[in-house]
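These are the residues of each chain, in order.
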Amino acid sequence: MKPRPRPSTARRLLSAGIALVVLSVLVFVNRPMVAFGADAYHDFTINRQSYKERHGHWSRLEVPQDFRVNAIHAALLNTGKVLIIAGSGNNRDNFEAGTFRTVLYDPAKDSFSEVPTPTDVFCAGHTFLPNGNLLVAGGTKSYEVLEKDITHAAGVMKIKNEAPTGPRTFLKGTTLLGRDGTAYRTRADLTVPGAKAMKHGDKVMTHAGEAEVWVDAVQAGDGSIVDHPAQYTVAGLTGKDKQNIYGLSDKITREKQEYGGDKTSYEFDPRTERYVRTGDMVKSRWYPTLAELPDGDVLAVSGLDEFGRMLPGDNERYIKDQRRWVDAPELKRVFPTYPSLHLMADGRLFFSGSNSGYGSDTEGRTPGLWNLKNNAFQVVPGLKDARMTETSSSVLLPPAQDQRVMIFGGGEVGESAVSTKRTAIADLDGTNPEYAPGPDLPKPARYLSTVLLPDDTVLTTGGSSGYRGGRYGDQTRSDLYNAQIYRPATGKFETAADSTVGRNYHSEAILLNDGRVITMGSDPLYDETGRNPGTFEQRIEVYSPPYLFRGKRPTIGRNPVTVQRGTTFGVATPDAARIRAARLIRPSAVTHVTDVDQRSVALDITPATGGLALSVPKTKGLVPSGWYMLFLIDAEGVPSAGRWIQVR
Ligand SMILES: [Cu+2]
């Protein structure tokens, strides 16, 4: 065999060079393949049956362009459809154009439809009534104006009328004059009631009529600022009128003007799929919580008034049989906006501490049990990171009979970079309940959505570590994609599959009656760079929990449509032998991760011919009247699809 000649150095260098070029080309050509390989492997992993059985599975919903809205509120109707409310959707252009949106999604048919939305229900409160209608009250009367955009000093003016000669109307643009002649104009038409004579013992006293209105300085600049309480005359009035009718204002400034609340109220009817106007609320409210009471009436709590001021503890009651609101001065109590108020078995409302966005940073933030019979408030101590309850979420853990409320995450008051991974559980059954620590979340979280599942677990998903998805530590964006399932029986979180869409402020997650969870919304303050304004997230995802991949689901053959609290009813099921639990789950009505509707009530089970006999507890505070989803759960924790039942 002829030996190969040794290559020259030049030749060796040349072939090494060629090899390097070829290798570089190969690496370059294959680079996307390598990346694609990692993606493909991830896809392969999350789509494996064994993975889904342990962690569940997410999928993206196809939303036709016409039905993409800014989901600010979401509720599951007893038709199985999801009510998605945007109103103006935190979009000033929509507000000014009077474009208010509501969309219905039907999971059974995978179809969308549009619902006419009469007024701006953006940031209203809501809760389900015993008849299945969703009471929606409050909303947006005016958008905020940032300090940098305020050219003319403005303030709230109280117009007083000391003449007992009946109401007086002043048109928008009416001028009020300060002592030095500085002029201000009213922003809206205003009717001021006449003075009233009132008897106090044997004395008769005159009470002036009064009404409030925004006024803006006629001249731009700081010259019209008034930093102290002062009196103003109404231009054009003379003689006695001029003496009797005048304006009073605490201050007129160029400070930020908060969003103003609205007093409009509706019942949304799931059958006609329309908003039906009820009597107005007594107060205008932006960010109120509506809490159903044991008798089926509703309490509206907290909010900003029409001038963007925190309501100082003014709460009111909806009388469902008369479809009107009445003042509840006997229940004066201060809470921050969107307080989480969970109805307990004894009829008290438990304020978990969770709230969303506005209010005094000290007053009214302490968790406790609110007795509506005497307005007493029993503090529930022991919450770690007690200052971090804003943008937290809380749920009544399943089953409701355990009377345990769990709070998740949250951040410091206002636009703060500080948030917590703390959870805590208050066992409210005893006489002196306290919060005890729960397991930490994997990461600090605000705006975490928490959803009760039929197998007595709680899905926690979405949220961000930073304020509205923004900066946290060295990240410019801080959306959380990790989801986890809390299992009360073990007191631990289990890892769920990752979601693919970040969800922070103005996002929701709710249980569907087919056992899946739908998630939507998110309103980041900034984009990915952290420099430009963010875009509202309109994509929708659906999460299928592990139980949907664990074999055949039990079925319900037949069930009554209406059941009485404290009675036993029969359901037909071919799976009776393997059923271990039955739950009534009250559907969610959620906004700003505040959902005081969802609850899961355990039913006692006894065997019966052709199925099972199920007993509904008789306590109203445990099972408030209304529509529920009935789930049967087998020994493996696999639930049936939910059937709609009305509890009376
Ligand atoms: Cu909001």
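Going by the structure above, here's the rest.
Please read all numbers here as calculations on a predicted model, not as lab measurements. (Residues numbered from 1 in each chain as written. Predicted model: local features only at pLDDT ≥ 70, side-chain atom pairs only at ≥ 80, totals over all residues. Heavy atoms only, no water.)

### Some thoughts on the overall build of the protein chain
Okay, step 1: Tallying secondary structure elements over the protein chain gives four helices and 48 strands in all.
Okay, step 2: Of all intrachain contacts in the protein chain linking residues separated by at least 6 positions in sequence, the fraction that spans at least 24 positions is 61%.
Okay, step 3: With the model as given, the accessible surface of the protein chain reaches about 28,500 Å², and the carbon-plus-sulfur share is 52%.
Okay, step 4: One finds the centroid of the 78 positive side-chain charges in the protein chain at a distance of 4 Å from the centroid of its 73 negative side-chain charges. (Helix = DSSP H or I, 4+ residues; strand = E, 2+ residues; numbered from the N terminus. Contact = heavy atoms within 4.5 Å. Areas by Shrake-Rupley, 256 points an atom, 1.4 Å probe, with all protein chains shown as cover. Lys, Arg positive; Asp, Glu negative; His and termini not counted. Charge placed at Lys NZ, Arg CZ, Asp CG, Glu CD.)

### Some points on the sheet that holds strand β27 (residues 349–351)
Neighbouring strands of a sheet are bound in pairs by backbone hydrogen bonds; such pairs are parallel or else antiparallel.
Okay, step 1: With respect to topology, four strands assemble into an open sheet ordered β26-β27-β28-β29, the strand pairing being antiparallel. Looking at strand neighbours, the two that pair on one side only are β26 (341–343) and β29 (376–379), the edges of this open sheet. Averaged over all adjacent pairs, the angle separating strand axes in this sheet is 25 degrees, with direction ignored.
Okay, step 2: Taken together, the four bridges between strand β28 (residues 368–371) and β29 define a ladder with antiparallel strand orientation. From the neighbouring strand, L369 faces β29, where its bridge partner is Q378. (Pairing = 2+ DSSP bridges. Axes fitted to C-alpha atoms, helices over the stretch in contact; angles between N-to-C directions.)

### Observations regarding the pattern of salt bridges
Okay, step 1: Summed over the entire model, instances satisfying the criterion amount to 34 salt bridges.
Okay, step 2: Measuring nitrogen to oxygen at the nearest pair gives 3.0 Å for the salt bridge that ties D305 to R309.
Okay, step 3: Given the relative accessible area of 32%, R309 is considered partly exposed.
Okay, step 4: With a closest N to O distance of 2.7 Å, R477 and D479 form a salt bridge.
Okay, step 5: By relative accessible area, D479 is classed as buried at 14%. (Salt bridge = Lys/Arg side-chain N within 4 Å of Asp/Glu carboxyl O. Buried < 20%, exposed > 50% of the residue type's maximum accessible area, 1.4 Å probe, protein only.)

### Points about the side chain of T264
Okay, step 1: With respect to the helices and strands, the residue T264 is situated in the loop between β19 (260–261) and β20 (265–269).
Okay, step 2: Within the structure, T264 has its side chain in polar contact with the side chain of D262 (distance 2.5 Å).
Okay, step 3: Residues contacting T264, with those up to four places away along its chain left out, are T119, V136, A137, G138, R277 and D280. (Polar contact = N/O pair within 3.5 Å; in protein donor to acceptor, adjacent residues only side chain to side chain.)

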